[in-house]
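Each chain is listed here by its residues.
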Amino acid sequence: MKNSPLSALSRRTWLKASAMVVGACVIDVKTADASFLEKAKKTPPLTPAEITSIEAAIGKKGTYKEAEATHTTPLPRNDLKVTLKGETVPISFGFGGWVSIKKTLDGKSAVLMSDCVLLQEEVNPLITAAHANGLEVSAIHNHFFYEEPRIFYMHVHGMGSPEELAKKYANAIAQTKISPKNQPPAGPPLAKMGNEIFQMAQLNDIVKYEATVNGPTIKYTIGRADLTITAMGAEMTASIGLNSWASFTGSMEKAYIAGDIAMQEHEVNDVVKSLRSNNIEVVALHNHMLGDNPRIIFLHYLGTVPAATLAQSFRTALNQLGKRSGMNMMH
C-alpha cells in the first residue's frame, strides 16, 4: 500500500509546517467568529470502508464516535490479576488500554494514538516493535501507586492512512498480550455491575455528568470543551485521549477512585492543591502527547473513602479548570 503524502513526512516536519495554521488554539466561544469556529472543529469522518479496514487489521470491533469522527478499540489486559494495597481490583478500574484513529483537519492524512498497558519487562520490546513499524512513542509512565504487579503505560502515535496505521499498530503489538488475538476468552458473568453497586444518580448529581457502567466499575469521562487542542494536524478530543476521567470501584461505603485530569500548565498546581486538600493522592504528573498545542499536562490520582466524598473531591478538582480564562469548562 502506498503511503499518503503526509505519512512520508516526519511528524516533526509536519508539526513545524502546521504550526502557523493551528497555533492559536485557545478559542473564546463568546467572541470567536461562529463560522470560523465551526470550520476549525470540523474533522472529516472516517468512511465505512476505512472503519472496516481498521477493525480487520486490529482483529477486534471498536466504537466509532461520529461527533468526534474517531474510531476507538478497547484493549483491556484481561490476562492480568491486579491488586492495590493487597486488595483485588477489576481490570476495568484503569488497566484497559486503547487505540484510536481519526483524520487530520485537512483530511489528507490520519492520526493514531494509543495507551498501552504493560508490565515493566514488556515496555522496551514494544518500543522496539513500535519503531520498527514506523510508529513513535510519546510517553511512558505510571498511573498508580501500590499496584501488584507493577504496571506502566506507554503512549504510541503515528500518521498515515487509517488502514496503514491500523496495520502498523497490529504488527507492533502482534507479539504482546495487548493484541486481541493473545487475550484470554471472557470470564464468567459478573455477580454485580457498577450500576448495581453504586448509587449512580447521587454520584452523577455531585459530579454533574453521567457515568458509564464498565463491568463492576463506573466511569466519568469529560473532555475540554473550553479548548481547541491540536497535535499532528488533528483535533484532540475526548475519544482520542484528551479528557479527564474518574473510575470508581468497591462500594458506596468504601470506594476507590482513580483517574486522570487534563490541564493546561497554569492549572496544574491549582488542581494538585485541590486534590491534596481532599486527601487524594497525586501519583503522576506528565505529558501524553508530543506537539500538542496548547500543551496539556495530565495528572493521575488515587483515593479511598466513601464514594460520595470521592465524587465531591473529583468535582472540586474539575472546578479548577478554565478558571483563569474566565471560561470554567464545567458550566
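In the block above lies the structure referred to throughout.
Let me sum up the structure you'll find in this document.

### A word on the overall build of the protein
A tally of helices and strands in the protein yields 9 helices and 17 strands. The proportion of buried residues among the 331 residues of the protein is 54%. Across the protein, the fraction of contacts at a sequence separation of at least 24, relative to all contacts at a separation of at least 6, is 68%.

### Side note on the environment of Y209
Among the structural elements, Y209 can be located in the loop between α7 (200-207) and β10 (212-214). With relative accessibility at 28%, the residue Y209 sits in the partly exposed group. As a C-alpha pair, Y209 and Y220 span 11 residues in sequence and 7.1 Å in three-dimensional space.

### Quick notes on the environment of S114
Along the chain, S114 falls in strand β6 (residues 110-119). For the pair S114 and I101, spaced 13 residues apart in sequence, the C-alpha separation works out to 8.8 Å. Not counting residues within four places of it along the chain, the set of residues in contact with S114 comprises W98, V99, M154, H155, V156 and Y169. In terms of polar contacts, S114 uses its side chain to reach the backbone carbonyl oxygen of W98, at 2.7 Å.

### What about the sheet that holds strand β9 (residues 151-160)?
In space, the 6 strands of this open sheet follow the order β1-β2-β5-β6-β9-β7, with antiparallel pairing throughout. Pairing within the sheet leaves two strands with one partner each, and these edge strands are β1 (63-65) and β7 (136-141). For this sheet, the mean inter-axis angle between neighbouring strands, taken without regard to orientation, is 20°. Two strands pair when backbone bridges link them, and strand β2 (residues 70-76) and strand β5 (residues 96-103) are joined in this way by 7 bridges, in the antiparallel orientation. Bridging across to β5, L75 finds its partner in G97. Helix α5 (residues 162-173) contacts β2, β5, β6 and β9 of the sheet and is inclined by roughly 15° relative to β6.

### Quick look at unusual backbone geometry
A cis amide bond, omega -5°, links E148 with the succeeding residue P149. Structurally, P149 is set in the loop between β8 (147-148) and β9. In this model, N293 is joined to P294 through a cis peptide bond whose omega is 0°. Along the chain, the position of P294 falls in the loop between β16 (281-286) and β17 (296-305).

### A few points about the pattern of salt bridges
Taken as a whole and judged by the stated rule, the model has 10 salt bridges. The salt bridge partner of D79 is R77, with a shortest N-O separation of 2.8 Å. For D79, a relative accessible area of 26% corresponds to the partly exposed category. Of the charged contacts, one joins E265 and R295 as a salt bridge, the two residues approaching to 2.9 Å between their closest N and O atoms. Of this pair, E265 sits in the loop between β15 (255-264) and α8 (268-277) while R295 sits in the loop between β16 and β17; the two residues are 30 residues apart in sequence, bridging distant segments of the chain.

### Description of the packing of α7 against helix α9 (residues 307-318)
Running from amino to carboxyl end, α7 crosses α9 at an angle of 25°, the nearest separation of the two axes being 8 Å. Regarding the angle of α7 to α9, the classification is roughly parallel. Crossing angle aside, the handedness with which α7 passes α9 is right-handed. In contact with Q202, L203, I206 and V207 of α7, α9 contributes A307, A308, A311, Q312, F314 and R315. Grouping the amino acids of the contact of α7 with α9 by side-chain chemistry returns 7 nonpolar, 2 polar and 1 charged.

### With respect to the nonpolar core
Considering soluble globular proteins, one finds that nonpolar side chains tend to be buried as a cluster. Membership of the largest hydrophobic core comes to 31 residues, with the highest contact counts inside it found for F248, I261, Y301 and F314. Taken together, the elements giving at least two residues each to this core come down to α7, β11 (217-223), β14 (243-250), β15, α8, β17 and α9. It is α9 that contributes the most residues to this core, 6 residues altogether. Setting aside residues no more than four positions away along its own chain, I261 makes contact with S244, V271, L275, I297, F298, L299, Y301, F314, A317 and L321. Counting 26 residues, the second largest nonpolar core, distinct from the first, contains I58, L75, F152 and M154.

The rules behind each value
- Residues numbered from 1 in each chain as written.
- Predicted model: local features only at pLDDT ≥ 70, side-chain atom pairs only at ≥ 80, totals over all residues.
- Heavy atoms only, no water.
- Helix = DSSP H or I, 4+ residues; strand = E, 2+ residues; numbered from the N terminus.
- Buried < 20%, exposed > 50% of the residue type's maximum accessible area, 1.4 Å probe, protein only.
- Contact = heavy atoms within 4.5 Å.
- Polar contact = N/O pair within 3.5 Å; in protein donor to acceptor, adjacent residues only side chain to side chain.
- Pairing = 2+ DSSP bridges.
- Axes fitted to C-alpha atoms, helices over the stretch in contact; angles between N-to-C directions.
- Salt bridge = Lys/Arg side-chain N within 4 Å of Asp/Glu carboxyl O.
- Parallel < 35°, antiparallel > 145°, perpendicular 65-115°, else oblique.
- Left-handed = near helix turned anticlockwise from the far one by under 90°.
- Nonpolar A, V, L, I, M, F, W, Y, C, P; charged D, E, K, R; others polar.
- Core = buried A, V, L, I, M, F, W, Y, C linked by side-chain atoms within 4.5 Å.

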